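Listed below, chain by chain, are the residues.
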Amino acid sequence: MKIGIIGAGNMSTAIMKGLIGAGKLPSDIFVSDISAEKLSEAAALGVHTGTNEEAAEFGDAVILAVKPNIFEKALPSLADLLKGKLVISIAAGITIGFISSLLPGARIVRLMPNTPALVGAGMTAISFAAPATQEDANTVEEIFSALGKCVQVPESLMDAVVAVSGSGPAYAYMLIDAMASGGVARGLTKKDALLLAAQTVYGAAKMVLETGEHPAVLCDNVCSPGGTTIAAVEVLEAKGFRTAIMEAEKKCAEKSAQLKK
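Attention here is on the structure that accompanies the text. (Residues numbered from 1 in each chain as written. Predicted model: local features only at pLDDT ≥ 70, side-chain atom pairs only at ≥ 80, totals over all residues. Heavy atoms only, no water.)

1. Observations regarding the packing of helix α9 (residues 168-185) against helix α10 (residues 190-211)
- The N-to-C vectors of α9 and α10 enclose an angle of 135°; their axes lie 8 Å apart at closest approach. Viewed along their axes, α9 and α10 adopt a mutual orientation that is oblique. Where α9 crosses over α10, the two elements pack in a sense that is right-handed. Contact residues: α9 offers Leu175, Ile176, Asp177, Met179, Ala180 and Val184, while α10 offers Lys190, Ala193, Leu194, Ala197, Ala198, Thr200 and Val201.
- A class-by-class count of the residues in the contact of α9 with α10 yields 10 nonpolar, one polar and two charged. (Axes fitted to C-alpha atoms, helices over the stretch in contact; angles between N-to-C directions. Helix = DSSP H or I, 4+ residues; strand = E, 2+ residues; numbered from the N terminus. Parallel < 35°, antiparallel > 145°, perpendicular 65-115°, else oblique. Left-handed = near helix turned anticlockwise from the far one by under 90°. Contact = heavy atoms within 4.5 Å. Nonpolar A, V, L, I, M, F, W, Y, C, P; charged D, E, K, R; others polar.)

Structure (structure tokens):
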């Protein structure tokens, strides 16, 4: 399958590198952008570069990786070229219905990726609506699995996805920073504290994914009776750690709902 990518920003670069790393031939990818510098960087990967129209015509599937605020400016001129094609949008807040109004007849699949895709550890949620099919959604999942993990959800749940995984890396970074700062306060170097904290969060996430155990069970496994960990957990519970995260996600989902088109 040939893939056109309209827009050559950071996420596009992650997509290209992920696809090439997974075995996709660079010659099967065509990327466009208004920035000559971005196109030069893309060309260094061995992919074709050119105009939006050329990318749209080239791809069997075309990824829309432009900023949401220029959709209405950039897409109408591509409508004829994209009619009947599989079109994949990674724009936050832009609904399938809105894209379909600009690209009638295109098979639209909407994604919500997150920034860890840049290091091959992303989480991507996938939604679709007719005329796109389940087969189209499966094709998109196969493509984006090169950047991490994927899950298919109804579009009505995309605001919840934004709250959990789209914005979620920020919560994790704050946790890592707080853990590291606590270590520095007790004599560790910042370098060592960051390594200890980041690897611990990474390892805990890996345990959840690979063991299939509920996080609460894994937490219990670390908490020896009367031990150090349960003493720390007691403070986190008293300070409303879990409630703060859930309230933050609620606010995030509400904001996402306000911004969508």
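Here the narrative resumes.
2. Considerations on the packing of aromatic side chains
- Evaluation of the coordinates by the stated rule reveals one aromatic pair.
- Considering the side-chain rings of phenylalanine 30 and phenylalanine 58, the 5.5 Å spacing of their centres and the 45° angle between planes classify their relative orientation as tilted. Taken as a pair, phenylalanine 30 in strand β2 (residues 29-32) and phenylalanine 58 in helix α3 (residues 52-58) lie far apart in primary sequence, 28 residues in all. In terms of burial, phenylalanine 30 and phenylalanine 58 fall into one category: buried. (Phe/Tyr/Trp six-rings, centres within 6.5 Å; stacked < 30°, edge-to-face > 60°. Buried < 20%, exposed > 50% of the residue type's maximum accessible area, 1.4 Å probe, protein only.)

3. A word on unusual backbone geometry
- A cis geometry characterises the amide bond from alanine 130 onward to proline 131, with omega recorded as 10°.
- Position of proline 131 among the secondary structure elements: in the loop between β7 (122-128) and α7 (134-144).

4. A few points about helix α13 (residues 241-259)
- Taking 1.5 Å of rise per residue, 19 residues should cover 27 Å, and α13 covers 27 Å from first to last C-alpha, within 8% of that figure.
- Of all the positions in α13, only Cys252, Ala253 and Ser256 are classed as buried. Projected onto a plane normal to the axis of α13, the buried residues spread over an arc of 100° and lie on a single side. Looking at α13, the residues exposed on the side facing more than 90 degrees away from the buried face are Lys251 and Gln258.
- Packed against the buried residues of α13 are α8 (158-166) and α9. (Expected span 1.5 Å × (residues − 1). Arc of directions from axis to C-beta.)

5. Considering the sheet that holds β2
- Read across the open sheet, the eight strands follow the order β3-β2-β1-β4-β5-β6-β7-β8; overall the sheet is mixed. Looking at strand neighbours, the two that pair on one side only are β3 (48-50) and β8 (148-152), the edges of this open sheet. Adjacent strand axes in the sheet meet at a mean angle of 25° when their direction is disregarded.
- When strand β5 (residues 86-89) meets strand β6 (residues 107-112), the two strands line up parallel, connected through four bridges. The partner of isoleucine 88 across the bridge, within β6, is valine 109.
- Here α7 sits on the sheet and contacts β1 (3-6), β4 (61-64), β5, β6, β7 and β8; the angle it forms with β8, its principal contact strand, is near 165°. (Pairing = 2+ DSSP bridges.)

6. Topic: the nonpolar core
- Core analysis: the biggest nonpolar cluster contains 29 residues, and Ile5, Ile15, Ile88 and Phe144 have the highest contact counts within it.
- Mapped by element, the contributors of at least two residues to this core are β1, α1 (10-21), β2, α2 (36-43), β4, β5, β6 and α7.
- Sequence-distant contacts of isoleucine 88, that is, excluding residues within four places in its chain, are made with Ala61, Val62, Ile63, Leu64, Val109, Leu111, Val140, Ile143 and Phe144. (Core = buried A, V, L, I, M, F, W, Y, C linked by side-chain atoms within 4.5 Å.)

7. Comments concerning the pattern of salt bridges
- Tallied over the entire structure, the rule returns six salt bridges.
- For aspartate 136, the salt bridge identified is with arginine 107, shortest N-O distance 2.6 Å. With aspartate 136 in helix α7 and arginine 107 in strand β6, this pair connects stretches of sequence that are 29 residues apart.
- The salt bridge partner of lysine 206 is glutamate 210, with a shortest N-O separation of 2.7 Å. Of the two residues, lysine 206 and glutamate 210 are both situated in helix α10; the distance of four residues between them amounts to about one turn of the helix. (Salt bridge = Lys/Arg side-chain N within 4 Å of Asp/Glu carboxyl O.)

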